[in-house]
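Structural characterization, general
Chain by chain, the residues:
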Amino acid sequence: MLSDMFGLGTLSLPGDFARLGWLPALLIFAWFAAMCAYSGSLYQRLSLRVPGAVVFDQIGRAALGTAGSAMVYGTIYASIFCVPIILHITCMETLRQTFYMYDISPAMACLIVTVLIVPLAQMHNIEDVAWVSIFGTVGMLLAMVVVVGKLVAIYATSPPAAPTELISTGQGLNSALVGAMDIAFAFGGQINWMRYITTMRQRNKFAAAASLTTGFMTCVYLVISVTGYSVFGAGIDVHKPISSVVGQDMWSVIMNAGIFLHCIIAYQVNVNVWCSLLLQLTNPKYAQELSHHHTEGWSKRSLWLAVTLLCIVVSAAIAYTLPFFSIVMAVIASLGDVMSMFGLPCLFALKLLKLRRPVHMHISPPSSAAAAAAAAAAAAATMAAWRPYHLKVFLSNRYTYASILHKANPSDGGHYVAAASTLQRDIRQALEQQQQSACDMKASVLVGKLLAEKAKAANVEEVHFSNHKQLRYQGKLRALIESLRSHGLRVK
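In this report, the structure presented in the accompanying data block is examined.

Rules and cut-offs
- Residues numbered from 1 in each chain as written.
- Predicted model: local features only at pLDDT ≥ 70, side-chain atom pairs only at ≥ 80, totals over all residues.
- Heavy atoms only, no water.
- Helix = DSSP H or I, 4+ residues; strand = E, 2+ residues; numbered from the N terminus.
- Buried < 20%, exposed > 50% of the residue type's maximum accessible area, 1.4 Å probe, protein only.
- Contact = heavy atoms within 4.5 Å.
- Areas by Shrake-Rupley, 256 points an atom, 1.4 Å probe, with all protein chains shown as cover.
- Pairing = 2+ DSSP bridges.
- Axes fitted to C-alpha atoms, helices over the stretch in contact; angles between N-to-C directions.
- Phe/Tyr/Trp six-rings, centres within 6.5 Å; stacked < 30°, edge-to-face > 60°.
- Core = buried A, V, L, I, M, F, W, Y, C linked by side-chain atoms within 4.5 Å.
- Salt bridge = Lys/Arg side-chain N within 4 Å of Asp/Glu carboxyl O.
- Parallel < 35°, antiparallel > 145°, perpendicular 65-115°, else oblique.
- Left-handed = near helix turned anticlockwise from the far one by under 90°.
- Nonpolar A, V, L, I, M, F, W, Y, C, P; charged D, E, K, R; others polar.
- Patch = residues over 30% accessible without salt bridge, like charges linked within 9 Å, V, L, I, M, F, W, Y side chains within 5 Å.

With that settled, the discussion passes to the overall build of the protein chain. Secondary structure summary: the protein chain contains 18 helices and 5 strands in total. A total of 492 residues make up the protein chain; the buried ones form 51% of that total. Across the protein chain, every contact between residues at least 6 apart in sequence was considered, and the portion connecting residues at least 24 apart equals 80%. Surface accessibility of the protein chain: about 21,600 Å² in total, with carbon and sulfur atoms responsible for 63%.

Structure follows, in structure tokens:
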């Protein structure tokens, strides 16, 4: 459980503090830590109340019938199916950071992770993965020690990059909601708890295990959050994990190797949960045999291989096309972590357990649903607002230079897909033939024409121009952009 829950959420916490500010971040942090520990008690009591339950929708059905089962399907199960995506994204990023000297492309990193996880995913039983998960936990702890050491070294040798804020004023509501859901993701993992409970010999010990896990995570999370936010302040790149912000050296290689080891094992665990759940929903007979360790035979192994391949290929495809680290975490948290932490357990407990019906048990389900819906909408709006192709312009008295930068997501450094300038031989020759100067607006028109042609060849139809230098829309800049538009390239 510790290997599954402790890990990825840690990497975004300094950025989440920057999204929210000290006061809101610490309040939200304390709330989710308390609810994480409390939900362990609820899960234990619910599993003892419905001893035949193997998956959480069976508890929902016992509490509210078909409606309870549908609630679990629409939230917790949807989140379970999304978790391998963020793990694939993180494995890709840490692999590239570990071997940064080789400049591994995203496509190659995606392929390497896919090849590594397929054989690891062939362990059928969650107990078989348990001993391997120890290495993942050790790897993550090593990475966190390195992160804290690098942060302390940065703080000791240079002043904070930017001031911190009691309440953040520059990020906006959508960013704040994403930050809150990222903190929920850090304390999430309840979506897999039924898988762990059903493999325990003594289910009445689960609450204690959940409390110990939560206490350990809270201590580590506070150290990383406070140190990272104090060092980088409000100027930290909120879209990047802290491991990508602290710089690249041999210590960062060790750090990213530890994170990669943790993530690949957590990926293995979550593929196991993903496949077991899918089989439980589609092939209950095989799932029952799996729970009793009856997995011998070519047909059963072939079925497991097919299901794991489905999970891994889908996760890889989405991770490659939509690699938004913090945004994907927020979506997962809004789908399942908030509801699985206390929303649905409180609702089902009111029906199944003889409780005194405290106020928080009544307000948790609707408030959880409202918060999850708002956060999901904020994450979707953030992704929808992102523009992958950016027009970069440099103008001087003598030259005109324009290029198109492709950034797959806000945390990606990007790469150039097309460029044109008055320094290019073909443009200078064309200007000489027309007896035109490279310094006037006609030269900018030629640059725009050539860049539009190159953009079409690269299958780019639209670019976004952010005028950060506050250039006036006149003269050579206007000629360049109008030339791009007249030759079929949309400029927003």
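Our next topic: the pairing of strand 2 (residues 400-406). The element strand 2 is largely enclosed, with a buried count of 6 among its 7 residues. In this structure, strand 1 (residues 389-395) lies alongside strand 2, joined through 7 bridges in antiparallel fashion. What sits directly across from K392, in strand 2, is S403. Count of turn residues in the strand 1/strand 2 antiparallel hairpin: 4 residues. Inspection of the sheet shows strand 2 paired to strand 3 (residues 415-421) by 6 bridges, in the antiparallel sense. Paired with A402 across the bridge in strand 3 is A420.

For the rest of this paragraph, the subject is the sheet that holds strand 1. In space, the 3 strands of this open sheet follow the order 1-2-3, with antiparallel pairing throughout. With one partner strand each, in any of the chains shown, strand 1 and strand 3 form the two edges of the open sheet. Strand after strand, the sheet turns through a mean of 20° between neighbouring axes, direction not considered. Here helix 18 (residues 475-486) sits on the sheet and contacts strand 1 and strand 2; the angle it forms with strand 1, its principal contact strand, is near 145°.

It is worth spelling out the packing of aromatic side chains at this point. Throughout the structure, instances matching the rule amount to 9 aromatic pairs. What links up through ring pairs into an aromatic cluster is the set Y43, F56, W193, F206 and F348.

The biggest cluster of nonpolar side chains holds 108 residues, and the ones touching the most others in it are F56, I59, I76, M144 and F187. Setting aside anything within four residues of it in sequence, one finds M144 in contact with F6, T10, L11, V220 and I224. Within the second largest apolar cluster, 24 residues are counted, among which are L480, I481, L489 and V491.

Further remarks concern the pattern of salt bridges. Across all of its chains, the model carries 3 salt bridges by this definition. R490 is the salt-bridge partner of E462, the closest N and O atoms lying 3.3 Å from each other. Of this pair, E462 sits in strand 4 (residues 462-463) while R490 sits in strand 5 (residues 490-491); the two residues are 28 residues apart in sequence, bridging distant segments of the chain. By relative accessible area, R490 is classed as partly exposed at 43%. As a salt-bridge pair, E482 and R478 come within 2.9 Å of each other at their nearest N and O atoms. Placement of both E482 and R478 in helix 18 is noted, with a separation of 4 residues, approximately one turn of the helix. Residue classification places E482 among the partly exposed positions, given a relative accessible area of 37%. Note on R478: relative accessible area 41%, which makes it partly exposed.

A separate point is the packing of helix 5 (residues 66-98) against helix 11 (residues 250-282). Here helix 5 crosses helix 11 at 155°, and the two axes come no closer than 8 Å. Compared by their axis directions, helix 5 and helix 11 come out roughly antiparallel. Viewed along their axes, helix 5 and helix 11 form a crossing whose handedness is left-handed. In terms of residue class, the contact of helix 5 with helix 11 is built from 22 nonpolar, 7 polar and no charged.

Moving on to the environment of M200. Assignment of secondary structure puts M200 in the loop between helix 9 (193-197) and helix 10 (206-232). Under the relative-accessibility criterion, M200 is labelled partly exposed at 26%. Once residues within four sequence positions are removed from consideration, M200 is found in contact with K205 and F206.

Together, L23, L27, L166 and I167 make up a nonpolar patch on the protein surface, roughly 400 Å² of accessible area in all. The residue L27 is located in helix 3 (residues 22-49) in this model. Accessibility expressed as a relative area gives 57% for L27, which makes it exposed.

Attention now goes to the packing of helix 2 (residues 8-20) against helix 3. The description of two helices packed together rests on the angle between their axes and the distance between the axes. Direction vectors running N to C along helix 2 and helix 3 enclose 125°, while the axes themselves pass 6 Å from each other. As the angle between them shows, helix 2 and helix 3 are arranged oblique. Note on packing geometry: the crossing formed by helix 2 with helix 3 is right-handed. Side by side, helix 2 and helix 3 meet where L13, F17 and L20 of the first sit next to W22, P24, A25, L26, I28 and F29 of the second.

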